[in-house]
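# Fold and geometry: a report
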Amino acid sequence: MMDPGWLILCVALAIECFLVTLLIMPVPSNMVRGAITQWIVSLLSNQTVKYSGFAILVLDAYYFAYTMDAISNPLVHVGILS
């Protein structure tokens with residue numbers, strides 16, 4: 001079973017990949033590109049999305065620090081040394 005924090009980060013990464021794909025995909029006209037860009041700008045200006053992004057950033061920083069600690073002291077995290 002996947003840790004819930006990692007699941008949240010994976011879903012957030014999938015959403016980010018989807019948004020980047022929308023921004024870089026070829027479109028038939030500038031009007032379509034403008035509509036896509038305006039939709040993404042309006043989505044990212046929403047307060048809920050901003051707070052969710054900040055929460056994901058904090059969660060990502062926590063897992064980064066935890067992983068760096070585990071890499072710097074691998075025997076302690078395995079339980080060989082105390």
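One can find the structure itself at the top, above this paragraph.
Read on for an overview of the structure. (Residues numbered from 1 in each chain as written. Predicted model: local features only at pLDDT ≥ 70, side-chain atom pairs only at ≥ 80, totals over all residues. Heavy atoms only, no water.)

## Quick word on the packing of helix H1 (residues 4-24) against helix H2 (residues 30-44)
The N-to-C vectors of H1 and H2 enclose an angle of 150 degrees; their axes lie 9 Å apart at closest approach. Accordingly, the angle class assigned to the pair H1 and H2 is roughly antiparallel. For the pair H1 and H2, the sense of crossing is left-handed. Where H1 approaches H2, its residues Leu-19, Leu-22 and Leu-23 are matched on the opposing element by Arg-33, Ile-36, Thr-37, Trp-39, Ile-40 and Leu-43. (Axes fitted to C-alpha atoms, helices over the stretch in contact; angles between N-to-C directions. Helix = DSSP H or I, 4+ residues; strand = E, 2+ residues; numbered from the N terminus. Parallel < 35°, antiparallel > 145°, perpendicular 65-115°, else oblique. Left-handed = near helix turned anticlockwise from the far one by under 90°. Contact = heavy atoms within 4.5 Å.)

## Describing the packing of aromatic side chains
Where two aromatic rings form a pair, the distance of their centres and the angle of their planes describe that pair. Counted according to the given criterion, the structure contains three aromatic pairs. Ring centres of Trp-6 and Tyr-63 lie 4.6 Å apart, and the angle between their planes is 35 degrees; on these two criteria the pair is classed as tilted. Here Tyr-63 lies in helix H3 (residues 47-72) and Trp-6 lies in helix H1, a separation of 57 residues in the sequence. Trp-6 sits in the partly exposed class, given a relative accessible area of 37%. Between Tyr-62 and Tyr-63 the ring centres are 5.4 Å apart and the planes differ by 65 degrees, which places this aromatic pair in the edge-to-face class. Look at Tyr-63 and you get buried, because its relative accessible area is 10%. (Phe/Tyr/Trp six-rings, centres within 6.5 Å; stacked < 30°, edge-to-face > 60°. Buried < 20%, exposed > 50% of the residue type's maximum accessible area, 1.4 Å probe, protein only.)

## Brief notes about the nonpolar core
The biggest cluster of nonpolar side chains holds five residues, and these are Leu-19, Leu-22, Val-27, Ile-36 and Ile-40. Looking at this core, the elements that each hand over two or more residues are H1 and H2. Setting aside residues up to four positions removed in sequence, Val-27 forms contacts with Val-32, Arg-33 and Ile-36. (Core = buried A, V, L, I, M, F, W, Y, C linked by side-chain atoms within 4.5 Å.)

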